[in-house]
Amino acid sequence: MAKPNDRVQPSKPAPSPISRDAGIGELGLVATPIGNLGDLSVRAAEYLRAADAIACEDSRITIRLLQHLQIKKPLLSYHDHNADEMRPRLIERLQRGEKMALVSDAGTPLISDPGFKLVREVAALGIAVTALPGPSAPIMALILSGLPTDRFLFLGFLAAKSAARRTELEEVAGLRASLILFETAPRLVTALSDLRAVLGDRPAAVARELTKMFEEVRRGSLQELLDHYTQAGPPKGEIVIVVGPPLAEAANAAVDLDAALLKALGVLRVKEAAEAVAAATNLPKRQVYQRALELKQQGGADKGARGEGGADDE
Ligand code: SAM
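All of the points below concern the structure found in this document.

**Considering the packing of aromatic side chains**
All told, the structure shown has 2 aromatic pairs when counted by the stated rule. Considering the side-chain rings of Phe154 and Phe182, the 5.2 Å spacing of their centres and the 70 degrees angle between planes classify their relative orientation as edge-to-face. Taken as a pair, Phe154 in strand E6 (residues 152–157) and Phe182 in strand E7 (residues 178–183) lie far apart in primary sequence, 28 residues in all. Overall, Phe154 belongs to the partly exposed group, its relative accessible area being 30%. Linked through ring pairs, Phe154, Phe157 and Phe182 together constitute an aromatic cluster.

Encoded structure:
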């Protein structure tokens, strides 16, 4: 039987600047708390303490964390608006042998935060990159949601405008995966309304103020959540929405969709087949057209009603 500490391997030293050669550059991606300072790991604090410099999004926010840890370090600003200009400077310092930590304002850097191009370039130059893992709002929301965790897709922030948001959702509507997305409090109701309209009434959760005093996870169907927040008004604080995968009946509908499309593709071109099936099933045209194209490319239409090969397409 596994002992509680079987997974901890004290014999293998955790990578930290202390165990690395001096003078060899290293970039450490350091996760910081998303609301509760107690969530900063011992190893993350140790890394920040040993770093030569810290690259951060907003120095005013990072200074507060460093003050809490009683750490004083040179801070290098690295955010969406100066990243292209700053990246070569950070890389130059790493090439000179500096140990540099990258933090974001909160949570795990690179997750809807700057850093991936820096990691890509640093790794391509053969400079060491390590990560000091810790809090991340999307993962915390997912595990609290009570929704399936075996397959999930993180969508970050969707478009601010409803029409563009619906188009983005249509692209992922057929995926058998839980969906995780960030949303702002003032847009929560319209976002839930778009999710309900495009994805159907799936089980979902709204996770709010995670790790903070007023942490809340509200679980329900998209319609129930929409009704609640329409009545209650937008909640305060930071929000993650998690939506479960399509329900079994929706999965059956997907099978029916394929059957209907295969039949139509036997006698119609892709565009006409998609239009006819979208009208008959009430499913979004774009989703049906996309599926029709996939079936056509897979040669699925060959197995359709006409027996050999569907209608020719332009
Ligand atoms: N890199 C961060 C992470 O790993 O959690 C995410 C950064 S993203 C720019 C910020 C968004 O994350 C917020 O708008 C909100 O949707 C979500 N978020 C951050 N902290 C949160 C919290 N304590 N509770 C709920 N959502 C949070």
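Past the structure itself, the notes keep going.
**Thoughts on the site of the ligand**
Of all residues adjacent to the ligand, which total 18 residues, the nearest are Ile111, Asp113, Ser136, Ala137 and Ile239. For the ligand, an oxygen atom lies 2.7 Å from a polar atom in the side chain of Ser136. Within the backbone of Glu209, an N or O atom sits 3.5 Å from a nitrogen atom of the ligand. Sorting the residues of the shell around the ligand by element identifies helix H5 (137–145) and strand E10 (239–243) as the ones contributing at least two each. When the residues that make up the shell around the ligand are grouped by side-chain class, the tally is 10 nonpolar, 4 polar and 4 charged.

**Quick notes on the packing of helix H3 (residues 83–95) against helix H4 (residues 116–124)**
Geometry of a packed helix pair, given as the angle between the helix axes and the separation of the axes. Interhelical geometry of H3 versus H4 gives an angle of 40 degrees and a closest axis separation of 11 Å. Relative to H4, the element H3 is oriented oblique. H4 is crossed by H3, and the crossing has right-handed handedness. Every residue of H4 that contacts H3 at Arg87, Leu90, Ile91 and Leu94 is listed here: Lys117, Leu118, Glu121 and Val122. Looking at side-chain class alone, the contact of H3 with H4 contains 5 nonpolar, no polar and 3 charged residues.

**A look at the pattern of salt bridges**
Side-chain pairs of opposite charge can arise whenever the charged atoms involved come near each other. Tallying each qualifying case throughout the model produces 18 salt bridges. When the shortest N-O distance is used, the salt bridge between Arg187 and Glu183 registers 3.0 Å. In this structure Arg187 comes out as partly exposed when scored by relative accessible area, which is 23%. Accessibility expressed as a relative area gives 3% for Glu183, which makes it buried. Shared partners join several salt bridges into a network, and the residues in it are Arg165, Arg166, Glu183, Arg187 and Asp194.

**Thoughts on the nonpolar core**
Formed by 22 residues in total, the largest nonpolar core has its most connected members in Leu188, Leu192, Leu195, Leu199, Val206, Ile241 and Val243. For this core, the secondary-structure elements that each account for two or more residues are helix H6 (162–172), E7, helix H7 (188–199), strand E8 (203–208), helix H8 (222–232) and E10. Among the elements that take part in this core, H7 stands out by supplying 6 residues, more than any other. Non-local contacts of Leu188, meaning those with residues more than four positions away in its chain, are made with Glu183, Val206, Tyr229, Pro235, Ile239 and Ile241. In terms of nonpolar packing, the next biggest core, distinct from the first, is built from 17 residues, Leu29, Ala83, Met86 and Val122 among them.

**Brief notes about the sheet that holds strand E3 (residues 75–77)**
As summarised here, the arrangement of the 5 strands in space is E3-E2-E4-E1-E5, forming an open sheet in which the pairing is parallel. Every interior strand has two partners, whereas the edge strands, E3 and strand E5 (128–132), have only one. Across the sheet, the mean angle separating the axes of adjacent strands is 25 degrees when strand polarity is ignored. Bridge count between strand E1 (residues 26–30) and strand E4 (residues 99–102): 4 bridges; the pairing is parallel. Following the sheet pairing, Glu26 is matched in E4 by Lys99.

Conventions we followed
Residues numbered from 1 in each chain as written. Predicted model: local features only at pLDDT ≥ 70, side-chain atom pairs only at ≥ 80, totals over all residues. Heavy atoms only, no water. Phe/Tyr/Trp six-rings, centres within 6.5 Å; stacked < 30°, edge-to-face > 60°. Helix = DSSP H or I, 4+ residues; strand = E, 2+ residues; numbered from the N terminus. Buried < 20%, exposed > 50% of the residue type's maximum accessible area, 1.4 Å probe, protein only. Near = heavy atom within 4 Å. Polar contact = N/O pair within 3.5 Å; in protein donor to acceptor, adjacent residues only side chain to side chain. Nonpolar A, V, L, I, M, F, W, Y, C, P; charged D, E, K, R; others polar. Axes fitted to C-alpha atoms, helices over the stretch in contact; angles between N-to-C directions. Parallel < 35°, antiparallel > 145°, perpendicular 65-115°, else oblique. Left-handed = near helix turned anticlockwise from the far one by under 90°. Contact = heavy atoms within 4.5 Å. Salt bridge = Lys/Arg side-chain N within 4 Å of Asp/Glu carboxyl O. Core = buried A, V, L, I, M, F, W, Y, C linked by side-chain atoms within 4.5 Å. Pairing = 2+ DSSP bridges.

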